[in-house]
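# Understanding the architecture of this molecule
Residue strings, one per chain:
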Amino acid sequence: MAYRHTLGVAASTLALAVTCLAGAAPASAATTTSFPTTVSIAAERSVSGLPSAAEIEAAKEDKDSTNAMIARLEASLASSRAELLQAETAAAEAQESLLTAGEERDLRTADAEKAVKQLEYAKQYLEQSRTDLGAIASDIYRNGAGNSTLGILLNSDDSNDLFYKAATIDTLSQQQVQSVNSATEAEALVSSWESYADAAQSAAKEAAANYDASASTANSTLATYQAAIKPEQDLRDELISNLASLKDQEEAEVRKQVEKQEEAERETALQETISADDAPVVKPSQAGTIQPLAVDAPQELEVDESTAEPTVKPKPEAQPLDEVDTVTPTLAPDPESAPKPQKTETPQVEETQKPAETPKAEETQKPKETPKATEKPKETPKATEKPKETPKATQKPKETPKATEKPKETPKPKPKPKPQKTEAPKQEQEVAPQSSGRSYGAAISWALNTASDNSKYYVYGANGPNAFDCSSFSQRAFGKSGISLPRTSTQQFFAAPQYVSLNNLRPGDLVFSSSNGGSSFYHVAIYIGNGQVVHARNPNAGISVTPLSWVNNLHSKAARY
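None of the values given here were measured: they were computed from a predicted structure. (Residues numbered from 1 in each chain as written. Predicted model: local features only at pLDDT ≥ 70, side-chain atom pairs only at ≥ 80, totals over all residues. Heavy atoms only, no water.)

Helices and strands together make up the secondary structure of the protein chain, namely 19 helices and 10 strands. The buried share of the protein chain, reckoned over its 561 residues, is 37%. Long-range contacts, defined as pairs at least 24 residues apart, comprise 69% of the intrachain contacts of the protein chain with a sequence gap of at least 6. As presented, the protein chain carries roughly 31800 Å² of accessible surface, and 53% of it is formed by carbon and sulfur atoms. (Helix = DSSP H or I, 4+ residues; strand = E, 2+ residues; numbered from the N terminus. Buried < 20%, exposed > 50% of the residue type's maximum accessible area, 1.4 Å probe, protein only. Contact = heavy atoms within 4.5 Å. Areas by Shrake-Rupley, 256 points an atom, 1.4 Å probe, with all protein chains shown as cover.)

Put into structure tokens, the structure is as follows:
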């Protein structure tokens, strides 16, 4: 009776844990829709499907009954193990969602705080501008102009006479005109930062609420998983003991048989995953990334402390009149400002040699720019050196320098569109050699040393130096080789520049676990060769080296950095 009571407690405890998991799993953002159904079926089996001690004793009397009972116990072992893996998966997925929610909360909070600060700057900038306008109005009044002059100048009504406005502007100094423009700009900035601050604060509150909900789900699934570990182990021991009794073997021998069978099942699942013919990886636009706010961030301001009294002014790099013009110079000239002009000159020299057959069209343009041509004869010695390299055009040496000088003036507006077309393909071509030439020796060495260090352990969401989760472990390891990885498993997969199949793995590749076919990932491990991986597994198993087949829900594609 005591034995039967022990078995019932273990089974009931595991059933209770799994039942709690069935209720908590739908709250997780990464769990699959089929998960709760699977758990509820397993819970029914745990309560009513286990044999009693009397049934086990009765099964020993008949060979067929013995074999049937053995099959029943082995099925119970497999089901119990699957339930624990499901609990572990739900906890890992919930923790992955919590990490992403935490990143979004921190980013949204920082955006909101920055927006509030920028709004204060904009208000200060507006007060400064209004003070300057007051000084301008007083100055105009003292010089005989009416107070209405400034108002008419600032009025945007189409009924006002544009010529009168132009005459009014002539009465102002250049500095005063700048003050008027600054005041108009300041009013627009205050309005823009007010709208942006409202949107940023609203997004920050929503992100904080989402984080709290994710934290609640993560805590619930983690508690369920941790509560299921001990009952599952007790149930496993009891089932193996029953099998040993039925088979008339030692428990240690039966345990090895069970583990060998489980390893064979893992290897079969691994081979099925390797042979799976999956489509190429398609990176979703929102995979592990935080989308920008619907409202664009206005022009930023800063405090200028170089003056006698600190003043607020727009940042120099964000001060253009046209936003489109400010984007193109920052993207194009930085990487290619030096080399690109040399490449653009070479085709222009060829163009000047080819149109030598149509001199009439060039002569019509030359008289218009003759004043510029008269200023540059001083540099003709330099121009005379170039014709020496092209002796073929000896008949018109005087005209060719003029043709080469003018194209040098015209290409100045052209480099803007050209670098934009050539910049993107060059970056894509540089990715392959960098990823293929990297060394992962330092990363793997650190990972193996950490796995063998008993002072290092697993904690969900931990970032080291002693406690890690799976993605912080791989992030820290790759950092030892100078490779920067994002924080979460999903981000680490979709940020990879290259993907390989599992039958083409090499040391340093990252393998992942996914319960939804690769839409998101909840675990990552580092492949070290010979069918082995090193990874931070879970709170129960810690950080260790295992066969690749031990990675649950293994995805068919690996990431290579």
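Judged from the four bridges that link them, strand β1 (residues 301-304) and strand β2 (residues 311-314) form a sheet pairing that is antiparallel. Along β2, the bridge assignment pairs Leu301 with Pro314. Remark: six residues form the turn of the hairpin made by β1 and β2, two consecutive strands paired antiparallel. (Pairing = 2+ DSSP bridges.)

Note that Ser520 resides in the loop between β6 (510-513) and β7 (523-529). Sequence separation between Ser520 and Ser489 is 31 residues, and the spatial gap between their C-alpha atoms is 8.2 Å. At 2.8 Å, the side chain of Ser520 forms a polar contact with the side chain of Asn516. (Polar contact = N/O pair within 3.5 Å; in protein donor to acceptor, adjacent residues only side chain to side chain.)

Counted according to the given criterion, the structure contains 14 salt bridges. For the salt bridge of Glu262 with Arg236, the shortest nitrogen-to-oxygen distance reads 2.8 Å. Pair noted here: Glu262 is in helix α8 (residues 251-275) and Arg236 is in helix α7 (residues 174-247), with a separation of 26 residues, a long-range link. With respect to burial, Glu262 and Arg236 carry one shared label: buried. Among the charged side chains, a network of salt bridges with common partners joins Lys114, Glu300 and Lys315. (Salt bridge = Lys/Arg side-chain N within 4 Å of Asp/Glu carboxyl O.)

With that out of the way, let us pick up the packing of helix α17 (residues 441-451) against helix α18 (residues 470-480). Running from N to C, α17 and α18 point in directions that differ by 135°, and their axes come no closer than 6 Å. When the axis of α17 is compared with that of α18, the two are oblique. Taken as a pair, α17 and α18 cross one another with a handedness that is right-handed. The residues of α18 that touch α17, namely those facing Ala442, Ala443, Trp446, Ala447 and Thr450, are Phe473, Arg476, Ala477, Phe478 and Lys480. (Axes fitted to C-alpha atoms, helices over the stretch in contact; angles between N-to-C directions. Parallel < 35°, antiparallel > 145°, perpendicular 65-115°, else oblique. Left-handed = near helix turned anticlockwise from the far one by under 90°.)

Moving on to unusual backbone geometry. Residue Pro465 follows Gly464 across a cis peptide bond; omega there is 5°. Within the secondary structure, Pro465 sits in the loop between β3 (457-458) and β4 (467-468). Although it is not a glycine, Asn530 sits at a positive phi angle of roughly 55°. Note on placement: Asn530 falls in the loop between β7 and β8 (532-538). On the basis of relative accessible area, Asn530 is assigned to the exposed category, the value being 78%.

Now for the packing of aromatic side chains. A complete count under the given rule lists 13 aromatic pairs for this structure. For the ring pair Tyr440 and Phe478, a centre distance of 5.8 Å and an interplane angle of 55° mean the geometry is tilted. Of this pair, Tyr440 sits in the loop between α16 (417-436) and α17 while Phe478 is found in helix α18, placing the two residues 38 residues apart along the sequence. Here Tyr440 and Phe478 have matching classes, each one buried. Where Trp446 meets Phe468, the ring centres are 5.6 Å apart and the plane angle is 85°; that geometry is what we call edge-to-face. Of this pair, Trp446 sits in helix α17 while Phe468 sits in strand β4, and the two are 22 residues apart along the sequence. An aromatic cluster of three or more residues is present, and its members are Phe493, Phe494, Tyr499, Phe512 and Phe521. The ring of Tyr211 has Arg105 lying over it, and the distance from NZ or CZ to the ring centre is 4.0 Å. Sitting above the plane of the Trp550 ring, Arg266 keeps its charged end 4.8 Å from the centroid. (Phe/Tyr/Trp six-rings, centres within 6.5 Å; stacked < 30°, edge-to-face > 60°. Lys NZ or Arg CZ within 6 Å of the ring centre and 35° of its normal.)

On to the nonpolar core. Of all hydrophobic cores here, the largest spans 37 residues; its most connected members are Tyr225, Phe473, Phe478, Leu510, Ile526 and Tyr561. If you list the elements that add at least two residues to this core, you get α4 (63-142), α7, α17, α18, α19 (489-494), β6, β7 and β8. For this core, the leading source of residues is α17, giving five residues. Residue contacts for Tyr225: discarding those within four places in its chain leaves Leu84, Ala87, Glu88, Ala91, Tyr460, Asn538, Pro539 and Asn540. Within the second largest apolar cluster, 19 residues are counted, among which are Ala122, Trp193, Ala197 and Ala204. (Core = buried A, V, L, I, M, F, W, Y, C linked by side-chain atoms within 4.5 Å.)

Moving on, we come to the side chain of Ser513. Position of Ser513 among the secondary structure elements: in strand β6. On the basis of relative accessible area, Ser513 is assigned to the buried category, the value being 1%. A distance of 2.6 Å separates a polar atom in the side chain of Ser513 from the backbone oxygen of Asn552. Ignoring anything within four residues of it in the chain, the contact list for Ser513 reads Ser520, Phe521, Tyr522, His523, Val551, Asn552 and Asn553.

A few words now on the confidence of the model for the protein chain. The predicted model of the protein chain has a mean per-residue pLDDT of 73, with 61% of residues at 70 or higher. Considering only residues more than four positions removed or in separate chains, one finds that residues 1-48, a stretch of pLDDT under 50, has 74 contacts. Considering only residues more than four positions removed or in separate chains, one finds that residues 318-436, a stretch of pLDDT under 50, has 49 contacts. (pLDDT = per-residue confidence, 0-100.)

We now examine α17. Every buried residue of α17 is listed here: Ala443, Ile444, Trp446, Ala447, Thr450 and Ala451. The arc that holds the buried residues of α17, viewed along the axis, is 165°, so those residues lie on one side. Packing partners of the buried residues in α17 comprise β4, α18, β7, β8 and β9 (542-547). (Arc of directions from axis to C-beta.)

What follows deals with the environment of Asn552. Looking at the secondary structure, you find Asn552 in the loop between β9 and β10 (557-560). Spatially, the C-alpha atom of Asn552 lies 8.8 Å from that of Arg266, the residues being 286 residues apart in sequence. Non-local contacts of Asn552, meaning those with residues more than four positions away in its chain, are made with Leu85, Thr89, Ser513 and Tyr522.

For the rest of this paragraph, the subject is the environment of Ala541. Here Ala541 lies in the loop between β8 and β9. Residue classification places Ala541 among the partly exposed residues on the basis of a relative accessible area of 31%. Once the C-alpha coordinates of Ala541 and Tyr457 are considered, the two residues, 84 residues apart in sequence, prove to be 9.0 Å apart.

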